Amino acid sequence: MATLKEVQSKIVSVKKTKQITSAMKMVATSRLRGAQNNMEAFKPYAGKFAEVLGSIAGKSGGDASPLLVPREEVKKVALVLCTSDRGLCGGFNTNLITKAEKIIKSEFEGKDVSFTCFGKRGRDWAKKQPQPIEDEFLDVVGGNVEFSVASYSGQKLIDSFLEGTVDEVYLIYSDFVNMAKQVATVKQILPIPSLEDVQKEKEEDKDAGFLPEHICEPSSDALLGQMLPKNIFIQIYDALLQTSTSEHAARMRAMDNATKACEDIVGELQTIYNKTRQAGITADLMDIVGGAEALNG
Amino acid sequence: MAEKLFLEVVTPQKAIVSEEVEIVVAPGSEGEFGALKGHTTFLTSLKVGSLRYIDAGGKERYIFINGGFAEVLPDKVTILAESAEYRKDIDVERATKAKVRAEKRLANKAADTDLVRAEVALKRAMHRLRIKDIK
């Protein structure tokens with residue numbers, strides 16, 4: 001059996017760990033609130049944009065922009081992998097990376113895949129893969145995500161799509177469903193999946209069928225051409241916000257579990273400590289009693 | 001007083017303006033336009049420039065708009081901007097520096113400078129400073 005001192009020092013060290021994990025949980029909680037606020041603040045913009053986009057997309061033809069046209073043969077695929085910079089958030093990054101691994105093995109079998117990485121964890125993983133990393137952005141996810149990052153990376157992807165160096169672009173990010181649920185999601189962003197879906201969603205939202213006819217300046221096609229790239233930036237930005245929020249939620253839960261586990265271990269160790277101490281006292285008493293008996297006898 | 005219309009300026013970061021105004025003057029890509037209540041429905045892209053409006057109290061206000069889109073409805077104007085700043089939020093020092101930097105880059109005309117980007121940066125800086133200068 002372990003000595004008293006050993007058990008005691010173990011208790012102290014577990015308690016220290018618990019302090020750290022509970023502090024990290026606290027930090028994650030407050031960051032989560034910030035990230036959720038950012039998401040809330042983005043909603044009016046994204047909502048309005050989708051509404052306007054839907055209404056002009058309905059008016060102009062299907063092939064108003066080269067971004068809408070699917071390639072006949074898809075050889076080169078770009079994956080935008082959003083992960084966190086830091087660990088200690090449970091299976092969060094593993095989930096995202098597994099998702100990427102799976103999709104590369106199944107759907108993109110035999111195609112040239114390249115990565116654009118947001119977040120250190122995904123970047124570190126991608127480095128070990130045979131596929132090249134086109135671009136990496138660290139210190140974005142989890143902090144204050146700026147729209148310019150999304151538009152910068154989005155523009156690069158659009159450029160390579162138009163040049164033909166990439167045939168399809170996919171986003172892999174963590175969709176923030178609620179505090180307990182974050183789902184690793186794959187979403188195609190280029191070529192832009194048909195806009196009718198956007199419109200349908202929009203029409204379902206609006207109960208009254210009132211769609212004002214807009215006068216467009218410049219022409220609706222030109223306007224659509226300008227709005228579509230923006231729409232991609234918006235999707236990337238949204239993915240980054242969702243991933244940030246998910247990261248904090250995942251870390252909060254992981255740290256909460258860790259804190260609870262620490263409490264359990266301390267309890268167990270305390271029992272061992274008490275038992276060991278009691279055994280020691282009993283042994284001492286036996287000695288004393290034994291000694292006294294021997295003297296008397 | 002004229003009837004009011006509702007102005008909303010939203011950016012990805014936050015909603016900047018959301019209030020009743022008398023008139024909105026915005027930098028459309030095909031030219032500056034003004035909107036009063038009852039304007040026909042209208043959709044346009046916006047240039048980098050200044051958005052001007054007169055609020056319910058009759059006060060003239062300026063906002064720097066970094067490009068975007070505007071949707072005009074008879075009783076509402078919505079501006080979707082990538083970023084926007086109130087006059088008081090404009091950082092003069094930063095804008096001045098950006099202006100100098102952009103001018104230098106344009107003057108040098110080195111082969112590797114991105115002229116388009118420098119021009120846009122210069123435009124942004126000049127508009128910011130201009131708004132700040134209005135008394």
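Residues numbered from 1 in each chain as written. Chains lettered and ligands numbered in written order. Predicted model: local features only at pLDDT ≥ 70, side-chain atom pairs only at ≥ 80, totals over all residues. Heavy atoms only, no water.

A. The arrangement of the domain arrangement of chain A in detail. Residues and elements named next belong to chain A. According to the domain assignment, chain A consists of domain 1 (4-27 + 255-296) and domain 2 (30-252). If you average the C-alpha positions of domain 1 and of domain 2, the two centres end up 52 Å apart. Across the boundary between the two partners, domain 1 contributes six residues, which contact five residues of domain 2. The contact between domain 1 and domain 2 buries some 510 Å² in all, and 56% of this surface belongs to carbon and sulfur atoms. When the area that domain 1 buries against domain 2 is broken down by residue, the three leading residues are Met24, Val27 and Met255, summing to 74%. Summed over the shared surface of domain 1 and domain 2, the number is six residue pairs in polar contact (both at pLDDT 80 or more). Sorting the residues of the side of domain 1 that touches domain 2 by element identifies α1 (4-59) and α6 (220-296) as the ones contributing at least two each. The element best represented in the side of domain 1 that touches domain 2 is α1, accounting for four residues. Broken down by class, the residue content of the side of domain 1 that touches domain 2 amounts to four nonpolar, no polar and two charged. (Domains from an automatic or database assignment. Contact = heavy atoms within 4.5 Å. Buried area = accessible area lost by both parts, 1.4 Å probe. Polar contact = N/O pair within 3.5 Å; in protein donor to acceptor, adjacent residues only side chain to side chain. Helix = DSSP H or I, 4+ residues; strand = E, 2+ residues; numbered from the N terminus. Nonpolar A, V, L, I, M, F, W, Y, C, P; charged D, E, K, R; others polar.)

B. Structural context of the environment of A:Gly143. Mapping A:Gly143 onto the fold places it in the loop between β3 (133-137) and α4 (147-163). The spacing of A:Gly143 and A:Ala254 is 111 residues in sequence and 19 Å in space, taken between C-alpha atoms.

C. Molecular detail of the packing of aromatic side chains. This model, assessed by the stated rule, comprises 11 aromatic pairs over all chains. Both rings, one in A:Tyr45 and one in A:Phe147, keep their centres 6.3 Å apart while their planes meet at 70°; by these two values the pair is edge-to-face. With a gap of 102 residues between them, A:Tyr45 in helix α1 and A:Phe147 in helix α4 connect regions that are remote in the sequence. According to the relative accessible area criterion, A:Tyr45 is buried, its value standing at 1%. Between A:Phe49 and B:Phe69, the ring centres sit 5.9 Å apart and the planes meet at 75°, which makes this aromatic pair edge-to-face. A residue pair is termed interchain when its members come from two chains, as with A:Phe49 in helix α1 and B:Phe69 in strand β5 (residues 60-73). This pair shows no difference in class: A:Phe49 is buried, exactly as B:Phe69 is. The lysine or arginine in question, A:Arg71, covers the ring of A:Phe161, its NZ or CZ lying 4.2 Å from the ring centre. (Phe/Tyr/Trp six-rings, centres within 6.5 Å; stacked < 30°, edge-to-face > 60°. Buried < 20%, exposed > 50% of the residue type's maximum accessible area, 1.4 Å probe, protein only. Lys NZ or Arg CZ within 6 Å of the ring centre and 35° of its normal.)

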